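Descriptive analysis of the structure
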Amino acid sequence: MTKYLYTYLIVSILHFTCLAQTTITGHIVDAQTGEKIAFATISTNQVSTLTNEEGNFTFQVKELPVELVISHLNYGKSSLQIAGNTDQTIRLRAIPILLPEVQIGNYARELVSHAAQNLMDNFHLKFYGKALYRQSTQINHQTTEWQEIIYATKSSNSRLEGTAVLKGRYAAQEAVYKFDDFSYFTKAYGLIDLDTNRHAVISLTGSDLYHYSVANLRKEGGREIAEIRFTYKVPALSNSKYGTVFIDTDSYDILKITFITHSDLGLKMKNKHPLWVMKMVNPKYEFEISFKDVAGSRSIEYLKVHYNVDYHLKKEILPIQVSSLTYLYETSTQATAMPYEKANTGGNDRDAIKKFAYDPEFWKRNAIIERTPTQEKIIQNLEREGVFGNALGIKKN
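Residues numbered from 1 in each chain as written. Predicted model: local features only at pLDDT ≥ 70, side-chain atom pairs only at ≥ 80, totals over all residues. Heavy atoms only, no water.

1. Re the sheet that holds strand S3 (residues 48-50)
In spatial order, the strands read S3-S2-S5-S6; together these 4 strands make up an open sheet with antiparallel pairing. On the outer flanks of this sheet lie S3 and strand S6 (76-82), each paired with one strand and no other. The average undirected angle you get between the axes of adjacent strands in this sheet is 20°. Relative to S3, strand S2 (residues 41-43) runs antiparallel, the two sharing 3 bridges. Along S3, the bridge assignment pairs Thr41 with Leu50. (Pairing = 2+ DSSP bridges. Helix = DSSP H or I, 4+ residues; strand = E, 2+ residues; numbered from the N terminus. Axes fitted to C-alpha atoms, helices over the stretch in contact; angles between N-to-C directions.)

2. A short note on the pairing of strand S17 (residues 254-261)
Burial within S17 is extensive, with 7 of its 8 residues counted as buried. Bridge count between strand S16 (residues 241-248) and S17: 7 bridges; the pairing is antiparallel. If you follow Thr244 over to S17, its bridge partner there is Thr258. Once S16 ends, the chain turns through 5 residues before running back antiparallel as S17, passing Tyr252 with a positive phi of about 65°. (Buried < 20%, exposed > 50% of the residue type's maximum accessible area, 1.4 Å probe, protein only.)

3. Things to note about unusual backbone geometry
Glycine aside, negative phi is the norm for most residues, and most peptide bonds take the trans geometry. Pro65 follows Leu64 through a cis peptide bond whose omega is 0°. Looking at the element boundaries, Pro65 is found in the loop between strand S4 (56-61) and strand S5 (66-72). Non-glycine residue Tyr252 carries a positive phi angle of around 65°. Residue position: Tyr252 is located in the loop between S16 and S17. Classification of Tyr252 by relative accessible area gives partly exposed; the value is 28%. For Glu330, which is not glycine, the phi dihedral falls at a positive 55°. Mapped onto the fold, Glu330 is located in strand S21 (residues 316-332). We classify Glu330 as partly exposed; its relative accessible area is 44%.

4. Here we look at the sheet that holds S4
Strand order in the open sheet formed by 3 strands is S4-S1-S7, with mixed pairing between adjacent strands. The strands lining the two open edges of the sheet, one partner per strand, are S4 and strand S7 (88-92). Between one strand axis and the next, the sheet turns by 30° as a mean value, whatever way the strands run. Looking at chain direction, strand S1 (residues 22-30) and S4 are connected through 6 bridges and run antiparallel.

5. With respect to the side chain of Gln375
Locating Gln375 in the fold gives a position in helix H6 (residues 373-385). Looking at Gln375, the relative accessible area reads 11%, which means it is buried. Apart from the residues lying within four places of it in its own chain, the contact partners of Gln375 are Glu53, Arg134 and Trp146. (Contact = heavy atoms within 4.5 Å.)

6. As for the environment of Ile289
Within the secondary structure, Ile289 sits in strand S19 (residues 278-294). C-alpha of Ile289 to C-alpha of Phe259: the two residues are 30 residues apart in sequence and 8.9 Å apart in space. Beyond its immediate stretch of four places on either side in the chain, Ile289 contacts Gly190, Leu191, Leu255, Lys256, Ile257, Ile300, Tyr302 and Leu303.

7. Thoughts on helix H2 (residues 107-122)
Since the α-helix turns once every 3.6 residues, residues separated by three or four places project in the same direction. Over its 16 residues, H2 extends 23 Å from the first C-alpha to the last, a length consistent with the 22 Å expected when each residue adds 1.5 Å. Taken together, the buried positions of H2 are Ala108, Leu111, Val112, Ala115, Ala116, Asn118 and Leu119. In an axial view of H2, the angular spread of the buried residues amounts to 155°, which keeps them on one side of the axis. The elements touched by buried residues of H2 are strand S14 (210-220), strand S15 (223-232), S16 and S17. (Expected span 1.5 Å × (residues − 1). Arc of directions from axis to C-beta.)

8. Some details on the packing of aromatic side chains
Tallied over the full model, the rule gives 21 aromatic pairs. With centroids separated by 6.4 Å and ring planes inclined at 75°, the aromatic side chains of Phe179 and Tyr307 adopt a geometry described as edge-to-face. Highlighted residues: Phe179 in strand S11 (residues 177-179) and Tyr307 in strand S20 (residues 297-313), separated in sequence by 128 residues. Residue Phe179 shares its accessibility class with Tyr307, and that shared class is buried. On the basis of an interplanar angle of 85° and a centroid distance of 5.2 Å, the ring pair of Phe362 and Trp363 is categorised as edge-to-face. Ring pairing ties together the aromatic residues Phe179, Phe182, Tyr184, Phe185, Tyr189, Tyr285, Phe287 and Tyr307, which thus form one cluster. Taking the ring centre of Phe362 as reference, the NZ or CZ of Lys167 above it sits at 5.1 Å. A cation over an aromatic ring shows up here: Arg169 above the ring of Phe388, its NZ or CZ 4.9 Å from the ring centre. (Phe/Tyr/Trp six-rings, centres within 6.5 Å; stacked < 30°, edge-to-face > 60°. Lys NZ or Arg CZ within 6 Å of the ring centre and 35° of its normal.)

Shown next as structure tokens:
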């Protein structure tokens, strides 16, 4: 039964692609500075996507004209009627900041406390859909790994509850380090911790652990958004855990949170060298979780995880950067019978990817979020090396 369910879902993805007739492309920039706006939401009544790291987007619709709804935390929400498939340049104006950086008594802490209670009260609500997971690894500024997965997902207002791999591809070059399951951080970390197998990037219910201050307030339509910065209270660790949370001051919804820690989170990786000749120095993890409205409740829109560390191998120092983006789409409250797998430190997405033959045409048709020219070049180089379609990342003869 499970086998047929997987097949049905994959066929559904392909069926949606075949029905699409018109490709819409464009890019979004700041109206004043011309700066590219990454990870803005572009949606229609047919489909939705995000702009990529360079502010570009592409998607397909069944027919024109179509109304685009563009939203971004710093730029609010706007709409645009599209009648043709010409390349679109969309210029957004930033929402004015009402309040300079100040501290207002316990106001910030009270907002966080209300937001935490709001999360707890609505944690029972579950959401179902699909997600695109995209990961790249660079060692000494050279790309050594690339991974893309389409998941079926179950999520809450705080974290991913479970995933099932519907399609995937993985490629790796020979390298001093390989990441077994970096996606664990996307699947295991969230805002609150109600499950002993999960982790909270910030325990919002334990507000005494952090200092909070209101960085600024801004108005978007009829609502007010507070940008609250937090730092860890323990003096020796105050620079090791910090971040920013954006809260709707009326509904107490969390709109986005960024969290940075310089602590060692125990990432397990495979290295080719004995421990006595290497060490990891200056670790830095960055988490970003953005939320969207689904059926009147808040659900995850995307999760970003970035990891930096210096790999010391005898006298050589190699910088390592691993980045992942997980974008949840087609999200609804309609439950499914999918056998979702929870985060598991011993798990490995590549074991699931091995079940799928490498299909480059599928990935060309199903970008979901447009890849940047740099990413496309990386993929072309890896395809030229013949390392796609081999989960072990060994070049084929």
